[in-house]
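Tertiary structure, described
What follows is each chain in one-letter form.
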Amino acid sequence: MATVTILGAGVSGLVTALALAEAGHRVRVVAERWGEQTTSAVAGAIWMPYLCNPPERVNQWSLETYRWLASLAADEPGAGVDMLTMYESTPDDADPWWRAAVPPEIKLELIGRSPLRPGARAWRFPVPRVDPSFCLPWLRATLEARAVGTRTERIDDLRNFLARERDADFVVNCTGLGAKRLCADPELHALFGQVVHVQPGAWDTREAAGDEAEGVAYVIPRRGVVVVGGCSIEHDSDAPAAASDAVTREILRRVDGWGVRLGPVVGQRAGLRPSRSAVRVEPDEAEPRLIHNYGHGGAGWTMCRGCANTVVGLVDQSA
Ligand SMILES: Cc1cc2nc3c(=O)[nH]c(=O)nc-3n(C[C@H](O)[C@H](O)[C@H](O)COP(=O)(O)OP(=O)(O)OC[C@H]3O[C@@H](n4cnc5c(N)ncnc54)[C@H](O)[C@@H]3O)c2cc1C
């Protein structure tokens, strides 16, 4: 059994903590922000590989996560995971790059319509959708029930932190965009995203849809509200981003123009995706006790359990 400190309490940190605790390790989580204050709370959060690389690893991580989320949808109603029917528009009939991420027993069919954009062709298949306002508290409560300790603290120097956590065999860095400063990682950058929360209106809340014909657009029902997105804009700071009324108007103008009849707006939220040329799940080159798990771009929920499993493998192999 190893003692492991997780740094970060977004989806990456909490799911990594859970996977390690389930594997029998002694775990604690340290983070500056929790729950609704994290980027993970802003996400849709539908299972869909998007804005992440490299394809082979992403597909394997996403496949493992699909199976885990589907099992939560079946067995753990409090986790906030539900199976929806997804319509993902496609410009052609070629297999999508993420085909291998969908479990082979799941039917992925190309059909001649989408509930989002008239005239679009779409891949239709069942997907897990997480409601983070349920899942993040559920993850924290599940960890606490497993005796995983939690601490709120901002860390400014990773080497100092490693020295202070001297009883930890490993520290896992799950700090999302925070890794840009902590690791001085020039590869990591922020991609601004914004969503609008609306009442369902005429939208069938058993269905979700995505489209990239005119920039990224999606409609994802949560348990209480429908999340409408989106955008992906390069952002030159890692300071928290504010939602703007102009972006909300643009998001709603597009889906309204397609004839989608949604209910009144109840809120808007923005976040910064931790984008990287390749998701970083690997041991540090210089510090054998340090493992990284960050840079999940637009698919942190989609890959969470697969990445966590890789971390468990690294810990088991060296413990
Ligand atoms: C608008 C939008 C829509 C999205 N939709 C989806 C979707 O539908 N599906 C999907 O899979 N993904 C989606 N994403 C992407 C997803 O939200 C991210 O990939 C994911 O949240 C990253 O999770 P994380 O745990 O790595 O980082 P975060 O959620 O940012 O958590 C980082 C944690 O590290 C802590 N931390 C950072 N720095 C420090 C420090 N110095 N000291 C102490 N603690 C620190 C933070 O406090 C926090 O607890 C979306 C993102 C956005 C913005």
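A short tour of the structure in this document, coming up. (Residues numbered from 1 in each chain as written. Predicted model: local features only at pLDDT ≥ 70, side-chain atom pairs only at ≥ 80, totals over all residues.)

**Here we look at the overall build of the protein**
Broken down by element type, the protein carries seven helices and 15 strands. Compactness check: the protein gives a C-alpha radius of gyration of 19 Å against a globular reference of 20 Å for 319 residues, within 12% of the reference. Taken along the three principal axes of its C-alpha coordinates, the protein extends 60 × 40 × 35 Å. Counting over 319 residues, the protein shows a buried share of 48%. (Helix = DSSP H or I, 4+ residues; strand = E, 2+ residues; numbered from the N terminus. Rg over C-alpha atoms; globule rule 2.2 N^0.38 Å. Buried ≥ 20, exposed ≤ 12 C-beta atoms within 10 Å, placed from the backbone.)

**Notes on the site of the ligand**
Around the ligand, a shell composed of 43 residues is seen, among which Gly-10, Gly-44, Gly-176, Gly-178 and Gly-300 lie nearest. Only α1 (11-22), β8 (189-198), β13 (265-275) and α7 (300-318) provide two or more residues apiece to the shell around the ligand. Within the shell around the ligand, the residues separate by chemical class into 18 nonpolar, 21 polar and four charged. (Near = placed C-beta within 6 Å. Nonpolar A, V, L, I, M, F, W, Y, C, P; charged D, E, K, R; others polar.)

**Quick look at the sheet that holds strand β6 (residues 149-152)**
Spatial strand order, β6-β2-β1-β7-β15-β14: six strands in an open sheet with mixed pairing. The two strands at the open ends of the sheet, each matched to only one other strand, are β6 and β14 (280-283). Averaged over all adjacent pairs, the angle separating strand axes in this sheet is 15°, with direction ignored. For β14 and strand β15 (residues 290-294), the ladder comprises four bridges, and the chain directions are antiparallel. Looking at the pairing, Arg-280 lines up with Tyr-294 of β15. α1 rests against β1 (3-7), β2 (26-31), β7 (170-173) and β15 of the sheet, and its axis sits at about 170° to β2. (Pairing = 2+ DSSP bridges. Axes fitted to C-alpha atoms, helices over the stretch in contact; angles between N-to-C directions. Contact = placed C-beta atoms within 7 Å.)

**Some remarks on helix α6 (residues 245-257)**
Helix length check: α6 (13 residues) gives 18 Å between terminal C-alpha atoms against 18 Å at 1.5 Å per residue, within 8%. Taken together, the buried positions of α6 are Val-247, Thr-248, Ile-251 and Val-255. For α6, the angular spread of the buried residues around the axis is 105°, confining them to a single face. For α6, exposure combined with an orientation more than 90 degrees from the buried face picks out Asp-245, Ala-246, Arg-249, Arg-253, Asp-256 and Gly-257. In this structure, the buried side of α6 is in contact with β8, β10 (217-221), β11 (226-229) and β13. (Expected span 1.5 Å × (residues − 1). Arc of directions from axis to C-beta.)

**Notes on the environment of Leu-7**
Following the sequence through the fold, Leu-7 ends up in strand β1. With sequence-adjacent residues up to four places away left out, Leu-7 is seen in contact with Val-30, Ala-31, Ile-155, Phe-161, Val-171, Val-172, Asn-173, Cys-174 and Thr-175.

**Looking at the pairing of β15**
In terms of burial, β15 is a largely internal element, four of the five residues being buried. Alignment of β7 against β15, held across three bridges, turns out to be parallel. Looking at the pairing, Val-171 lines up with Leu-290 of β15. Hairpin connection, β14 to β15: the antiparallel pair is bridged by six residues.

**A closer look at helix α2 (residues 55-75)**
Along its 21 residues, α2 runs 30 Å from first to last C-alpha, staying within 8% of the 30 Å computed at 1.5 Å per residue. Taken together, the buried positions of α2 are occupied by Val-58, Trp-61, Ser-62, Leu-63, Glu-64, Thr-65, Tyr-66, Trp-68, Leu-69 and Ala-73. Each element contacted by the buried residues of α2 is listed here: β3 (81-90), β5 (121-130) and α7.

**A closer look at the packing of α2 against α7**
Two numbers describe how α2 lies on α7: the axes approach to 6 Å, and their chain directions differ by 105°. Judged by the inter-axis angle, α2 sits roughly perpendicular to α7. On α7, the residues that touch Val-58, Gln-60, Trp-61, Ser-62, Leu-63, Glu-64, Thr-65 and Trp-68 of α2 are Thr-302, Met-303, Cys-304, Arg-305, Gly-306, Cys-307 and Asn-309. Partitioned by chemical class, the residues of the contact of α2 with α7 number seven nonpolar, six polar and two charged. (Parallel < 35°, antiparallel > 145°, perpendicular 65-115°, else oblique.)

**Structural notes on unusual backbone geometry**
Put simply, Gly-44 and Ala-45 share a cis peptide bond, and its omega is -10°. Mapped onto the elements of the fold, Ala-45 is located in the loop between β2 and α2. Here the bond from Gly-229 into Gly-230 is cis, since omega is 0°, no more than 30 degrees from zero. Even without being a glycine, Leu-51 presents a positive backbone phi close to 50°. Within the element layout of this structure, Leu-51 appears in the loop between β2 and α2. We classify Leu-51 as partly exposed; it has 15 C-beta atoms within 10 Å. Residues other than glycine seldom take positive phi values, yet Ala-184 does so here, at roughly 45°. Here Ala-184 lies in the loop between α5 (179-182) and β8.

**A short note on the packing of α1 against α7**
If you want to describe how two helices pack, look at the angle between their axes and the distance between the axes. The geometry of α1 relative to α7 is characterised by a closest axis approach of 8 Å and an angle of 45° between their N-to-C directions. By the angle class used here, α1 and α7 are oblique. Every pair of crossing elements has a handedness; the one defined by α1 and α7 is right-handed. Listed contacts from α7 to Val-11, Ser-12, Val-15, Thr-16, Ala-19 and Leu-20 of α1 are Gly-300, Trp-301, Cys-304, Arg-305, Cys-307, Ala-308, Asn-309, Val-311, Val-312 and Val-315. Looking at the contact of α1 with α7 residue by residue, the classes come out as eleven nonpolar, four polar and one charged. (Left-handed = near helix turned anticlockwise from the far one by under 90°.)

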